[in-house]
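Take a look at the letters that make up each chain.
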Amino acid sequence: MHELSLAMNVREIVEEAAKANGSSCVREVNIVVGAFSSVVPDALEFAMDVAKKGSVFENAAINIRLEDTVVLCADCNSKTKVDDYFFRCANCGSGNVKVVAGDRMYVESIDIEK
Ligand SMILES: [Zn+2]
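None of these values were measured; they are calculated from a predicted model.

Draft legend 1. Inspection of the nonpolar core at higher detail. Formed by 19 residues in total, the largest nonpolar core has its most connected members in Ala7, Val10, Val14, Val26, Val29 and Leu44. Elements with a contribution of two residues or more to this core: helix H1 (2–20), strand E1 (26–34), helix H2 (41–51) and strand E6 (105–112). With five residues, H1 is the largest single contributor of residues to this core. In this view, valine 26 contacts Val14, Ala18, Val56, Phe57, Ala60, Ile110, Asp111 and Ile112; residues no more than four positions away in its chain are not counted.

Draft legend 2. View of the sheet that holds E1. Read from one edge of the open sheet, three strands run E2-E1-E6, paired in mixed fashion. With one partner strand each, in any of the chains shown, strand E2 (61–67) and E6 form the two edges of the open sheet. Neighbouring strand axes in the sheet, compared pairwise and without regard to direction, differ in orientation by 20° on average. Of the pairings in the sheet, the one linking E1 to E2 comprises seven bridges and is parallel in character. Directly across from valine 29, in E2, lies its bridge partner isoleucine 62. Docked against the sheet, H1 engages E1 and E6, running at close to 35° with respect to E6. Along the sheet, H2 makes contact with E1 and E2, crossing E2 at roughly 160°.

Definitions and limits used
- Residues numbered from 1 in each chain as written.
- Predicted model: local features only at pLDDT ≥ 70, side-chain atom pairs only at ≥ 80, totals over all residues.
- Core = buried A, V, L, I, M, F, W, Y, C linked by C-beta atoms within 7 Å.
- Buried ≥ 20, exposed ≤ 12 C-beta atoms within 10 Å, placed from the backbone.
- Helix = DSSP H or I, 4+ residues; strand = E, 2+ residues; numbered from the N terminus.
- Contact = placed C-beta atoms within 7 Å.
- Pairing = 2+ DSSP bridges.
- Axes fitted to C-alpha atoms, helices over the stretch in contact; angles between N-to-C directions.

Remember, this is a structural readout, not a statement about activity or role.
Quick look at the structure:
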């Protein structure tokens with residue numbers, strides 16, 4: 001399950017951020033999971049529970065927010081949301097699109113106690 005290695009990456013990011021702020025207490029970690037990121041939110045939540053043990057954010061709340069997949073159309077230049085794996089522009093129907101959101105998982109913000 002690759003969610004565990006992702007969770008360990010998050011742990012590194014959070015520990016680095018806490019260290020940079022001279023804090024050893026993290027209140028909240030906000031993670032964004034894109035609809036097309038191949039990350040399973042439930043599995044990530046479980047993996048985060050494992051990854052935070054013994055870390056600076058052991059008692060922090062882990063918030064996972066889902067992000068829609070958005071494509072940018074090269075033909076009409078509009079950004080539209082896609083609901084399935086058929087990546088095409090919802091405005092003009094063109095398949096000449098690029099995914100601009102929702103294809104990855106990332107740490108959006110970390111609430112660190114000063
Ligand atoms: Zn278009």
